[in-house]
Amino acid sequence: MLLLTGVLPARADGADDAYVTIYNTMQEAENLESNGQGTRALAKYVEAQTALQRFQRIYPDWNVKLVNFRLSNVASRIAALSTQPAAPGAAPTTQSAPGKAPTNTPPATAQRSPPVADTQQLDSLRGQVRQLQADKILLEAKLKESLSAQPASLDPREMARAQDKMKVLAQGK
């Protein structure tokens, strides 16, 4: 009996510790988002969502409402960040000689800039891709949630009793 009581708290501590780690990831994502680093925040939110889904599979009975709330919250943040245009990134770096810092100058072949219309169309398409990815993530979360909800199994004897009651009631009319 002592062995069992020693094991159960360890499992609970493992679940609590795992959740705290995931929660810290969500906090990092929120900090990145509030500092205007949307792309990095999006990556952290996706990491937190994946960890939460894994956590939910491993500990299905651990504070179900909280886990579902966090999954929903993270999914909505992912959707919001996915619809925002990407922040302009730094120019690609090129490797220089060993011992020297990389430079931020683009290669000579990429010095021509595309026409403005093409750039706008490309940005529009990238936005659509981000939106579709966010929709996909939301739909996957909804699908997982709906598949996890299973109806209670019925005892065949209860079904037979219900059918007998229906017959008796039908004869009484």
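Above: the structure in question.
Residues numbered from 1 in each chain as written. Predicted model: local features only at pLDDT ≥ 70, side-chain atom pairs only at ≥ 80, totals over all residues. Heavy atoms only, no water.

**Q** How would you sum up the overall build of the protein? Please name residues and give values.
**A** A tally of helices and strands in the protein yields five helices and zero strands. When the helices and strands of the protein are placed in sequence order, the string is α-α-α-α-α. Counting across all 173 residues of the protein, residues that qualify as buried make up 17%. If you take every contact in the protein between residues at least 6 apart in sequence, the share linking residues at least 24 apart comes to 60%. Of the accessible surface of the protein, which amounts to about 13,300 Å², a share of 59% is contributed by carbon and sulfur atoms. (Helix = DSSP H or I, 4+ residues; strand = E, 2+ residues; numbered from the N terminus. Buried < 20%, exposed > 50% of the residue type's maximum accessible area, 1.4 Å probe, protein only. Contact = heavy atoms within 4.5 Å. Areas by Shrake-Rupley, 256 points an atom, 1.4 Å probe, with all protein chains shown as cover.)

**Q** Now, about helix H2 (residues 38–58): what can you tell me, with residues and values included?
**A** An α-helix turns once per 3.6 residues; consequently, residues spaced three or four apart project the same way. With 21 residues, H2 extends 30 Å from end C-alpha to end C-alpha; this agrees with the ideal 30 Å at 1.5 Å per step. Of all the positions in H2, only Ala41, Leu42, Tyr45, Ala48, Gln49, Ala51, Leu52, Gln53 and Phe55 are classed as buried. (Expected span 1.5 Å × (residues − 1).)

**Q** Before we move on, can you summarise the packing of aromatic side chains with the specific residues and values?
**A** Overall, the coordinates contain five aromatic pairs when judged by the stated rule. Look at phenylalanine 55 and tyrosine 59: their rings are 5.0 Å apart centre to centre, the planes differ by 50°, and that puts the pair in the tilted class. Taking relative accessible area as the criterion, phenylalanine 55 reaches 2% and is therefore assigned buried. Judged by relative accessible area, which is 17%, tyrosine 59 ranks as buried. Ring geometry for phenylalanine 55 against tryptophan 62: centres 5.2 Å apart, planes inclined by 90°, an arrangement best described as edge-to-face. Just as phenylalanine 55 is buried, tryptophan 62 falls in that class too. (Phe/Tyr/Trp six-rings, centres within 6.5 Å; stacked < 30°, edge-to-face > 60°.)

**Q** Which residues make up the environment of lysine 144, and what values do they have?
**A** Assignment of secondary structure puts lysine 144 in helix H4 (residues 116–148). Residue classification places lysine 144 among the partly exposed positions, given a relative accessible area of 25%. Leaving out residues up to four positions away in the same chain, lysine 144 has contacts with Gln53, Gln56 and Arg57.

**Q** Residues and numbers for the nonpolar core, please.
**A** Side chains of a nonpolar character, in soluble globular proteins, are inclined to be buried together. Core analysis: the largest hydrophobic core is formed by 21 residues, its most contacted members being Met26, Tyr45, Leu52, Phe55 and Trp62. Secondary structure elements with two or more residues in this core: helix H1 (2–34), H2 and helix H3 (64–83). In terms of residues, this core owes the most to one element, H2, which gives seven residues. Non-local contacts of tyrosine 45, meaning those with residues more than four positions away in its chain, are made with Met26, Ala29, Glu30, Glu33, Val74, Arg77, Ile78 and Leu81. (Core = buried A, V, L, I, M, F, W, Y, C linked by side-chain atoms within 4.5 Å.)

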